[in-house]
Amino acid sequence: MAGSLSQRKEAPAAGPYLPLIEKLSTKVDPMMTRRSALMAATAAAAIGLAAPANAATSPAPARGPAPKLPRHKVELVSPPFAHAHDQVSLHGPRIMEFTLSIEEKEVIVDEAGTKFQAMTFGGSMPGPLMIVHEGDYVELTLINPATNTMPHNIDFHSATGALGGAALTLVNPGEQAVLRWKADRPGVFVYHCAPEGSMIPWHVAAGMHGTVMVLPRDGLKDAAGKPLRYDRIYYVGEHDLYVPRDEKGKYKTYESLGESFADTMDLMRKLIPTHVVFNGKTGALTGKNAMTAKVGETVLIIHSQANRDTRPHLIGGHGDYVWETGKFRNRPEVDLETWFVRGGSAGAALYTFRQPGIYAYVNHNLIEAVELGATAHFKVEGEWNSDLMEQVSPPGPIPAAAKLHGALVR
Amino acid sequence: MPLFVKITMAIGAGMIAALPFAMSCGTCGAPLPGEPELATIAPRVFEYREAGEFTRGGHPVDAPVVSGAKKTPLTLMRRLVTAAEYEQCVQEGGCPASPQDETSGEQPVVKVSWRDASAYASWLSRKTGRAYRLPTNEEWAFAAGSRVSDDSLGAENSADPSKRWLARYEKESSRDILDKNVKPTGAFGVNEYGLADMAGNVWEWTDTCYRRVALDVGTAIGRSTENCGVRVVAGRHRSYMTDFIRDPRSGGCAVGVPPANLGFRLVRG
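Now for a look at the structure at hand. (Residues numbered from 1 in each chain as written. Chains lettered and ligands numbered in written order. Predicted model: local features only at pLDDT ≥ 70, side-chain atom pairs only at ≥ 80, totals over all residues. Heavy atoms only, no water.)

1. Quick look at the overall build of chain A
Within chain A, the secondary structure is distributed over six helices and 21 strands. Counting all 410 residues of chain A, 54% fall into the buried class. The contacts of chain A with a sequence gap of at least 6 include a subset with a gap of at least 24, amounting to 76%. Here chain A has roughly 17,900 Å² of accessible surface; of this, 55% comes from carbon and sulfur atoms. (Helix = DSSP H or I, 4+ residues; strand = E, 2+ residues; numbered from the N terminus. Buried < 20%, exposed > 50% of the residue type's maximum accessible area, 1.4 Å probe, protein only. Contact = heavy atoms within 4.5 Å. Areas by Shrake-Rupley, 256 points an atom, 1.4 Å probe, with all protein chains shown as cover.)

2. Things to note about the sheet that holds strand 19 (residues 345–352) of chain A
Residue and element names in this part refer to chain A. With respect to topology, six strands assemble into an open sheet ordered 13-12-15-19-17-18, the strand pairing being mixed. Strand pairing shows two members of the sheet lacking a second neighbour, strand 13 (275–278) and strand 18 (333–336), which therefore form its edges. In this sheet, adjacent strand axes meet at a mean angle of 25° when their direction is disregarded. Two elements, strand 17 (residues 319–323) and strand 18, share three bridges in a ladder whose sense is antiparallel. (Pairing = 2+ DSSP bridges. Axes fitted to C-alpha atoms, helices over the stretch in contact; angles between N-to-C directions.)

3. Considerations on the interface of chain B and chain A
By a widely used convention, the size of an interface equals the accessible area lost when the partners come together. Of the residues lining the interface, 27 residues belong to chain B; the matching set on chain A comes to 28 residues. Buried surface at the junction of chain B and chain A, both sides included, amounts to about 2,300 Å², of which 60% is carbon and sulfur. Put simply, Lys379(A) and Glu170(B) hold a salt bridge, and the shortest N to O gap is 2.7 Å. For the pair chain B and chain A, the interface holds four residue pairs in polar contact (both at pLDDT 80 or more). The set of elements that each furnish at least two residues to the side of chain B that touches chain A consists of helix 5 (161–173) and strand 9 (224–234) of chain B. (Buried area = accessible area lost by both parts, 1.4 Å probe. Salt bridge = Lys/Arg side-chain N within 4 Å of Asp/Glu carboxyl O. Polar contact = N/O pair within 3.5 Å; in protein donor to acceptor, adjacent residues only side chain to side chain.)

4. What to know about the pattern of salt bridges
All names here are of chain A. This structure, assessed with the given rule, holds 32 salt bridges over all chains. Its salt-bridge partner being Asp-136, residue Arg-217 comes within 3.1 Å of it at the nearest N-O pair. Note that Arg-217 is positioned in the loop between strand 9 (209–215) and strand 10 (220–221) and Asp-136 in the loop between strand 4 (129–133) and strand 5 (137–144), a separation of 81 residues in sequence. Through salt bridges with shared partners, one network takes in Arg-71, Glu-97, Glu-139 and Arg-180.

5. Examining the environment of Gly237(A)
All names here are of chain A. Structurally, the position occupied by Gly-237 is in strand 12 (residues 232–241). On a C-alpha basis, the gap between Gly-237 and Pro-128 in space is 9.6 Å, while along the polypeptide they are 109 residues apart. Once you skip the residues sitting within four places of it in the chain, Gly-237 turns out to touch Pro-126, Val-277, Phe-278, Asn-279 and Ser-304.

6. Describing the state of the cysteines
One way to say it: the disulfide is the covalent bond shared by the sulfur atoms of two cysteines. All names here are of chain B. Throughout the structure, instances matching the rule amount to two disulfides over all chains. Put simply, Cys-89 and Cys-95 are joined by a disulfide, and their sulfur atoms are 2.0 Å apart. Disulfide Cys-89-Cys-95: torsion about the S-S bond near 85°, hence right-handed. Taken as a pair, Cys-89 and Cys-95 share a single burial class, namely buried. Disulfide pairing places Cys-209 opposite Cys-228 at an S-S distance of 1.9 Å. Taking the sign of the S-S torsion, about 105° here, the bridge from Cys-209 to Cys-228 comes out right-handed. (Disulfide = S-S within 2.5 Å.)

7. Describing unusual backbone geometry
Residues and elements named next belong to chain A. The peptide bond linking Pro-79 to Pro-80 adopts the cis configuration, its omega dihedral lying at 10°. Mapped onto the secondary structure, Pro-80 falls in the loop between strand 1 (71–73) and strand 2 (95–108). A cis amide bond, omega -5°, links Met-125 with the succeeding residue Pro-126. Assignment of secondary structure puts Pro-126 in the loop between strand 3 (115–121) and strand 4. A positive phi is found at Asn-279, a non-glycine position, where the angle reads about 50°.

Function cannot be inferred from these measures alone, as they are strictly geometric.
The structure is reproduced here in structure tokens:
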């Protein structure tokens, strides 16, 4: 993951607005490898497309000049962390420059070492969190390195027009595109890959989704308008994964993405995932990777699910302030036990830890949490508050008197 | 069906290999045909940390270490019960079926519960006319010798329950995740008593029941409760399992790294 992030640093900076959309009208790159050509043909045949990145499917809008605003280049970091940002904007609107490089790769999705053909934004599942303020512009350079095999693009739920930008960003291996959109709605929003036909659910279920957070310029507020601040952000992306099994029930492995397509699609159409995990794999946020906090610290938990409904719950804690639908112009709900995140959206929950110990953060469909993997842990240090909870008597034998009392009551 | 044939052949080969050893031992109580290869460990003084959960003054503490002499020899299997052996018990109606992977005939049997293991012990005892049973956790520790790992946490007797909880989480999180794939018998070597695969990647069922003990004065056993629906599982670290569980994977809310696989070896006598 670190490798891909540093790789991104070396990528060409998103400079002045380049006429890269013209790239979309070029034919399939002659430098494309044989495998990628085969792949494209397979994919096209599978979904009845003439060719990937077909110019005929892309609109050709007029290109206006870039807004005359200061520019700021953002270095992304891997989930569950958030890149450096101000909670209250110290600037006027800016053009925020991001670069995302797409990485197709094999990943491990559970402790048993199950291999999975993944597609990722930036090498991580989910793709990195991008944070801007309302009124800023997001200018994204989307790179599809020649080492990849598939065409990709990006649909920002936070953007307006052109299928969220997907129609303007379809890049073949060896291409890149730059998209600029205005962040005019505060909230947390999903972004995901959205080529065409069956490629859409496949790319998303293979890992190509992430989250944008558009903060109000003056920061988060409660229902009464009082400022709400956090000490840190944890960013959880939930994935429903579909790993095909052989006739003996063992997970199958594939040499390439293309070879995994048909079996994976068959399984996806049955709608029962083999894994439901946070941040790419079972245990990505437990044990040595558990999220940490201290008693008294306030954590903003961003939970994103691009495909399927989920219901986050903090065992032993609560959601002090929750934007269940993730959009900050709506008043946050308070004191929630479990919140609902609709498939294709992100939600945000603010919580101040009040007690030390281990907290499990789960999808409270407990079958998915325990059996399929949707569990994370918070490791919280501090002083125990025995007013909030006290073990009055540890487990032990039932005293004779209590047994008698129990019998009488019954 | 090809699987069954393969397993039957494996059993045949195993028995032939075991025969010379049985013959050479004559009437000394060594294995008869059909009995597994056994080792006998001589009595010695040893230290053992009790199994179960202990409290003092109402707060959780490490289990006490008991030190003493084991006065009688212990005779037990040199290796874990194999998939082929277990399959024979299934075929003869003595054990519940527990499907194994195709290639596992000569490997330790896994995906077996305490109930399955106990059924196997009864079947083998009937078949051989000798008394076989699961070891107690103390017997397992006696036999494991240098391969026993201590599960003390050190975070003593605090009114703050999170301290011990966090200490346990740290300890469990620091364990390496083992390769779950079952290896051929002997892959984890033998210990100082010639026992194969002690504390490898197959944990072993013991007959010891889970218990909770209040230590009121020193390490003397105070009041306790016992739950024999949960048994102690011995191996690289000690664990407690409900007796019908075959797959120890915990996955979610339970913290730490669970045992990789569940199998067993038996004690004779």
